[in-house]
Amino acid sequence: MVDIAGWIFDHTATVGNGPGPLRKEWRRSLEVTNCGLAIDRLKLPDRVLWRFNVAAPAKRVEQLDRVVIRFAGDSGDGMQLTGDRFTSETAQLGNDISTLPNFPAEIRAPAGTLPGVSSFQVHFADYDILTPGDAPNVLVAMNPAALKANLAELPAGADIIVNTDEFTKRNLSKVGYAVSPLEDGSLDGYAVHPVALTSMTIGALAETGVAKKDAERAKNMFALGLLSWMYSRPFESTLRFLERKFAKRPDLVEANKTAFQAGWNYGETTEAFTVRYEVKPARMRPGTYRNITGNQALALGLVASAVRSRLPLFLGAYPITPASDILHEISKHKRFGITTVQAEDEIAAIGAALGASYGGALGVTTTSGPGVALKSETISLAIALELPLVIVDVQRAGPSTGMPTKTEQADLNMALFGRHGEAPLAVIAPRSPSDCFHAALEASRIALTYRTPVILLSDNYVANGSEPWMLPSVDELPDISVAFTTAPNAPDGKFLPYLRDPETLARPWAIPGTPGLEHRIGGLEKADKTGDISYDPANHEHMVRIRQARIDAIPVPDVDVEDPQENARVLVLGWGSTYGPIGAACRALRQRGLPIAQAHLRHLSPLPANLGEVLAGYDKVVVPEMNLGQLASVIRAKYLIDAMPFNQVSGLPFTAATLESMLEDVVKNG
Amino acid sequence: MADTIPLTPVKLTAKDFKSDQEVRWCPGCGDYAILAAVQQFMPELGIPRENIVFVSGIGCSSRFPYYMNTYGMHSIHGRAPAIATGLSTSRPDLSVWVVTGDGDALSIGGNHLIHALRRNVNLKILLFNNRIYGLTKGQYSPTSEIGKITKSTPAGSADSPFNPLSLALGAEATFVARTIDSDRKHLQSVLRAAAGHEGSAFVEIYQNCNIFNDGAFDLIKDPSARDEHLIRLEQGRPITFGADDRFSVVHPEGSFGLKVQEGGSAIVHDATVDDPAYAFALSRLSGSELTTTPIGVFRDVQRPSYDEIVRKQVLDARAQSTGTPEEMLGELLSAGDTWTIL
């Protein structure tokens, strides 16, 4: 039996890339009872010498400017919750954050299989960041499937924390590992930290008396405790969260807290982890912040729309991934005079919302692509009726059921053109999770002011991703109230339901219950001004054109161009959720001295008035989209420029690196 | 009628409910009779015109709102119950009527109809059943008899028809009635009962399409024959019909349903029976041949309306909260874990 503290241990093979624990088989062959981490190595021509330190070293604290961690496990392992809590702790600390969950559509895919892997990636930094990070620096793998599913995306040298208890023969064979990757050397390029997460959790909870099943399920809190220690996160909010979450089960509060603490203590005392990291708070604008997902922000934006329009909000919705969370959130806030109806189908959901709008409410329906397809006929009716209506499409990968939990921007064509007849409406898209709040308010404002349906194109990436959000002051939110018509509007004392406001081209909103203004509206073509049924050719020509003209005339802000050096010849034009990766790629290029300009569209219909002029100012316009070039086609058709599409339809967001390398090529080679 | 709907002291007349639009159904259409009956009945409600809304789908019957001088919406095929659900739920001060047809309500809009009924939304649903598609010029409908020869079924239709009342009862409707376009007095009595019902009221109105399905209801309309086929349901009265009441509706010992027989002990009609099996049994007396066809109110029971339950949730939530909407919004936005950067 030997103790190799301070020894020089020599071996002819290459041992990993850097400091780390002594590999198991060598420990066994040397009969090492006690050994710390390798802390140094000396490369000789014929061999490598390693120095180990056995005494629990005073943990070194290293400063990092940014870290990307990915928590991965089985869909039942609670990885989303773990990631969410880590994010919350990180937010408390004041880092800038961006997160990306990635989970299967199946609620519980067969345990331990590749399709069942659920992950949550969090990127945090001491400066402002735009994306959840391309590749993780740290992978927490709760089982072999989680390791296998994520390994390809790890850069060399990344830390991997594995739950060794799950690396059983059965679990390994489920994902096609003949030999454990922990033992065959295939992970030599990484810093692997084997941790017996499950058994240590069960051990830590032995005294608490909770059932073994509950103890085993708390292993995610052990992992969270360990990571919280490693990255010096404040954990009070997690303990408070556990108290709230398991309020009805005090035993589980205790179990989860204990597991968390055990994980923390393990980091503190074990020799397996010698370094602790710190990421200092980011410099962010003064204000009060919270971390928020796109769906939450969108829901709050709709609640704010009710408050700032002084109208009852009526949400008609049918459950659909990834939009259901908006319905869940809004249905909790009835105190704002909000009614939510879970309808029998997508068509009824929008029908009820339109009926409510007719009655003077702010009608809203929330769905994803397949739902929009079903709602198409009712959207056309709303266009003919010229009533306010907000349609939220949280896009997912299609066509058909497609990949319900994966992202895509392929509903743009449907939003712009997917209706029978000439049926124009307003379309806007949020650029980030917190922007969903403001985009929802903007959608409501346009719908109410211009009496039109508005499609709000979110997507799974912004809907489920999160970032810090500086809370707006309620008083500074726009006042989006509009007046109902209460008196006849024609000189002869009659009421003309299609007599337009000369400024907004909106027709009067005279709601049932208003005496003297009784009138009938419908989907049949209406005579200008009177709204009576009309088959007159000239009238139809006029009405079709005015419905288009009134959408075209909606004033939208000019598009801004970010080109700090003002010498770029290439412009990247994006819309919606690609803002983060495009922005990160542009920054990286500029840091390398390559000039590039970025413009990002929030309004897709109507387009900003200055867009043509902006596009004409560049030699090359590149349009990256998570579809096959839908905006690019619009730009080419409308502005007659050779816009270059760059497309990805993998169900995953662009990485900044992908865009950086593509744009570098365009900037250098035209 | 919901007590949330205001009443007017002004005495209105049938004329007040006629809009300035020219009525454009085919001459001789049963819809004229229904329109006139509804316009004449409306003043009875005492509801100001502006608080009445007619919502329709698509089809001949669905032109109805244009001719009523109230608020109205001619919407899309089959969707009137969905649109009316949103309107009624958000506006308790309105009396909302849905006008639909057999194709609109039972084919393309079948889903919305059954869900409006099960929810018990406060809607008065008038289904004009002419057992044919009229506006598209004569295809068979979901209430057409099997074997119906039409333009789209030259060899006869292969599908069995719906019995609209059985369907409504299966969908948990709280008020179910049937009447006939040509019997104004009966039609108005049914409208009266429907209007007085809190929740969904489903009224099937047999309506003659003199162009594509003329005479579909002659058996129960022809004065010389109808008494032998038409069963008039009256609350609290034994169900008998025919000359000298020679036919009775009876509940045979050991049987699940009701049947018609000569003589015997007629059951006494009670639309308020909670068990829908009774109304359902009544609805099964008429097949597509109409040889024994009950009209009147089959079922009229009380159950809280959807509107009322939903509204109560909103009012309760409001009552339990304090502060202005802006203050509440400020609290909501800053709920959860926040941090402040100075």
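Note that residues are indexed from 1 along each chain, following the sequence as it is written. Chains carry letters and ligands carry numbers; both start at the beginning, A for chains and 1 for ligands, and go up in the order they are written. It should be noted that, the model being predicted, local features are given only for residues of pLDDT at least 70 and side-chain atom pairs only at 80 or more, the latter also being counted only at that level, while totals for whole chains, interfaces and linings use all residues. Side-chain numbers here rest on the full set of heavy atoms in the structure, without hydrogens or water.

Caption draft 1: Region of the structure containing the overall build of chain B. By definition, any uninterrupted DSSP run of H or I lasting at least four residues is a helix, any uninterrupted run of E lasting at least two residues is a strand, and each is numbered from the N terminus. Assigned secondary structure in chain B consists of 10 helices and 12 strands. Against the globule reference of 20 Å for 342 residues, chain B gives a C-alpha radius of gyration of 22 Å, in line with a compact fold. A 1.4 Å probe rolled over the protein chains alone gives each residue an accessible area, and that area as a share of the maximum for its type sets the label: buried under 20%, exposed over 50%, partly exposed in between. A burial count over chain B gives 57% of its 342 residues as buried. Any two residues whose heavy atoms approach within 4.5 Å at even a single point are treated as in contact. Of the contacts formed within chain B by residues at least 6 apart in sequence, a portion of 67% connects residues at least 24 apart. Accessible area for chain B stands at about 13900 Å²; split by element, carbon and sulfur atoms hold 53% of it. Here Asp and Glu are counted as negative and Lys and Arg as positive; His is not counted, and neither are the chain ends. To locate a charge, the coordinates of NZ of Lys, CZ of Arg, CG of Asp or CD of Glu are taken. In chain B, 31 positive and 39 negative side-chain charges are present, and the distance between their average locations comes to 5 Å. Values of the radius of gyration come from C-alpha atoms, whereas the globule rule sets the reference at 2.2 Å times the count of residues to the power 0.38. Accessible surface is estimated by sampling points in the Shrake-Rupley manner with a 1.4 Å probe; for residues, cover comes only from the protein chains shown.

Caption draft 2: View of the overall build of chain A. What chain A contains, in helices and strands, is 21 helices and 29 strands. For 670 residues, the compact-globule estimate of 2.2 N^0.38 gives 26 Å, and chain A sits close to it at 29 Å. Dimensions along the principal axes, computed over C-alpha positions, put chain A at roughly 105 × 65 × 45 Å. For chain A, the proportion of its 670 residues judged to be buried stands at 60%. Looking at chain A alone, contacts between residues at least 24 apart form 76% of all its contacts between residues at least 6 apart. Summed over its atoms, the accessible surface of chain A is roughly 25500 Å², and 52% of this surface lies on carbon and sulfur atoms. Between the averaged position of the 64 positive side-chain charges in chain A and that of its 74 negative side-chain charges there is a distance of 3 Å.

Caption draft 3: Representation of the interface of chain B and chain A. Taken together, the contact pairs 55 residues of chain B with 71 residues of chain A. A simple way to read buried area is as the amount of 1.4 Å-probe accessible surface that goes missing from two parts once joined, with both sides added. With both sides pooled, the region where chain B packs onto chain A buries about 5400 Å², and carbon together with sulfur makes up 61% of that total. When residues of chain B are sorted by the area they lose upon contact with chain A, B:Y71, B:L333 and B:W339 head the list and together hold 16% of the total. Salt bridges are defined as contacts in which a side-chain nitrogen from Lys or Arg sits within 4 Å of a carboxyl oxygen from Asp or Glu. Close ionic contact of A:R310 with B:E326 constitutes a salt bridge, the shortest N to O distance being 2.9 Å. Here a polar contact is taken to be a pair of N or O atoms separated by no more than 3.5 Å, where protein atoms must pair a possible hydrogen donor with a possible acceptor and residues adjacent in sequence count only if both atoms sit in side chains. Counting every contact that joins chain B to chain A gives 31 residue pairs in polar contact (both at pLDDT 80 or more). Elements supplying a minimum of two residues to the side of chain B that touches chain A: β2 (71-74), α2 (80-90), α4 (110-119), α9 (306-319), α10 (325-333) and β12 (338-341) of chain B. In terms of residue count, α10(B) provides more of the side of chain B that touches chain A than any other element does, seven residues in total. Residues of the side of chain B that touches chain A, tallied by class, amount to 24 nonpolar, 21 polar and 10 charged. By the convention used here, strands pair only if DSSP detects at least 2 bridges between them. Two elements, strand β15 (residues 287-293) of chain A and β12(B), share four bridges in a ladder whose sense is antiparallel. Looking across to β12(B), one finds that A:R290 is bridged to B:T338. Under this grouping Gly is polar, as are all residues other than the nonpolar Ala, Val, Leu, Ile, Met, Phe, Trp, Tyr, Cys and Pro and the charged Asp, Glu, Lys and Arg.

Caption draft 4: The pattern of salt bridges, seen in detail. Counting across every chain of the model gives 42 salt bridges over all chains. Residues joined by salt bridges that share partners form a network here, namely A:R592, A:E660, A:E664 and A:K668.

Caption draft 5: Structural context of the packing of helix α7 (residues 219-230) of chain A against helix α9 (residues 250-269) of chain A. Residue and element names in this part refer to chain A. Direction vectors running N to C along α7 and α9 enclose 40°, while the axes themselves pass 6 Å from each other. In terms of axis orientation, α7 runs oblique to α9. As α7 packs across α9, the resulting crossing turns out to be right-handed. Each of M221, F222, L224, G225, L226, S228 and W229 in α7 lies in contact with α9, whose residues at this interface are N256, A259, F260, A262, G263, W264, Y266, G267 and E268. Split into classes, the residues belonging to the contact of α7 with α9 amount to 10 nonpolar, five polar and one charged. Note on definitions: angles span 0 to 180 degrees between N-to-C directions of axes, and those axes are lines fitted to C-alpha atoms, for helices only across the stretch in contact. Roughly parallel refers to an angle under 35 degrees, roughly antiparallel to one over 145, roughly perpendicular to one between 65 and 115, and oblique to any angle outside these ranges. Crossings are assigned a handedness: left-handed for a near helix turned anticlockwise from the far helix by less than a right angle, right-handed for a clockwise turn.

Caption draft 6: Examining helix α3 (residues 144-151) of chain A more closely. Residues and elements named next belong to chain A. Among the eight residues that make up α3, six are buried, leaving the element largely enclosed by the rest of the structure. By the burial criterion, the buried members of α3 are P144, A145, A146, L147, N150 and L151. Those residues of α3 that are buried are in contact with β8 (66-74), β10 (117-125), β11 (138-141), β12 (159-163) and α4 (169-174).

Caption draft 7: Fine view of the sheet that holds strand β25 (residues 570-575) of chain A. Residue and element names in this part refer to chain A. Strands sit in the order β24-β26-β25-β28-β29 across an open sheet of five strands; the sheet is mixed. Of all the strands in the sheet, the pair left with one neighbour each is β24 (561-562) and β29 (644-647). Across three bridges, the pairing between β25 and strand β28 (residues 620-625) is parallel. Residue pairing across strands places L571 opposite V621, the latter belonging to β28. Strands in contact with helix α20 (residues 630-639) are β25, β26 (597-601), β28 and β29; relative to β28, the strand with the most contacts, it is inclined by about 150°.

Caption draft 8: Geometry of the side chain of A:E518. Inspection of the secondary structure assignment puts A:E518 in the loop between β22 (466-470) and β23 (520-522). On the basis of relative accessibility, which here comes to 11%, the residue A:E518 falls in the buried class. Separated by 3.4 Å, the side chain of A:E518 and the backbone nitrogen of A:G516 make a polar contact. Polar contacts involving the side chain of A:E518 include one to the main-chain amide nitrogen of B:E50, which spans 3.4 Å. Sequence-distant contacts of A:E518, that is, excluding residues within four places in its chain, are made with B:R49, B:E50, B:N69, B:T70 and B:Y71.

Caption draft 9: The environment of A:F120, seen in detail. All names here are of chain A. Among the structural elements, F120 can be located in strand β10. F120 sits 152 residues away from A272 along the chain, and the two C-alpha atoms are 24 Å apart. In contact with F120, not counting residues within four places along its chain, are I69, R70, F71, M79, Q80, G83, D84, T87, T99, L100 and P101.

Caption draft 10: Structural context of the sheet that holds strand β8 (residues 240-241) of chain B. Residues and elements named next belong to chain B. Read from one edge of the open sheet, three strands run β8-β9-β10, paired in antiparallel fashion. One side of each edge strand has no neighbouring strand; the edge strands of this open sheet are β8 and β10 (259-262). Note: β8 against strand β9 (residues 247-250), two bridges, orientation antiparallel. Following the sheet pairing, F241 is matched in β9 by F247.

Caption draft 11: A look at the packing of helix α12 (residues 346-358) of chain A against helix α13 (residues 369-385) of chain A. Residue and element names in this part refer to chain A. As a packed pair, α12 and α13 sit with axes 8 Å apart at the nearest point and diverge in direction by 25°. Classified by the angle between their axes, α12 and α13 sit roughly parallel to one another. The chirality of how α12 crosses α13 is right-handed. Between α12 and α13, the contacting residues are E346, I347, A349, I350, G351 and L354 on the first element and G371, L374, K375, T378, I379, L381, A382 and L385 on the second.

Caption draft 12: Local environment of the side chain of A:S368. The residue A:S368 is located in the loop between β18 (362-367) and α13 in this model. A polar contact of 2.7 Å, which involves the side chain of A:S368, links it to the backbone oxygen of A:V394.

Caption draft 13: Representation of the environment of A:L313. Residues and elements named next belong to chain A. With respect to the helices and strands, L313 occurs in strand β16 (residues 313-317). Sequence spacing of L313 and L456 is 143 residues, and the spatial spacing of their C-alpha atoms is 16 Å. For L313, the contacting residues outside a window of four places in its chain are L302, A306, I330, G337, I338, T339, L362 and V364.

Caption draft 14: Highlighting the confidence of the model for chain A. All names here are of chain A. Known as pLDDT, the predictor's confidence for each residue is given on a scale from 0 to 100. Residues with a pLDDT of 70 or more make up 91% of chain A, whose mean pLDDT is 92. For residues 1-8, every residue scores under 50 in pLDDT, and the model assigns this stretch 25 contacts once sequence neighbours within four places are set aside. Within the model, pLDDT remains below 50 along residues 10-19, and this stretch shows 21 contacts once partners closer than five positions in the same chain are excluded.

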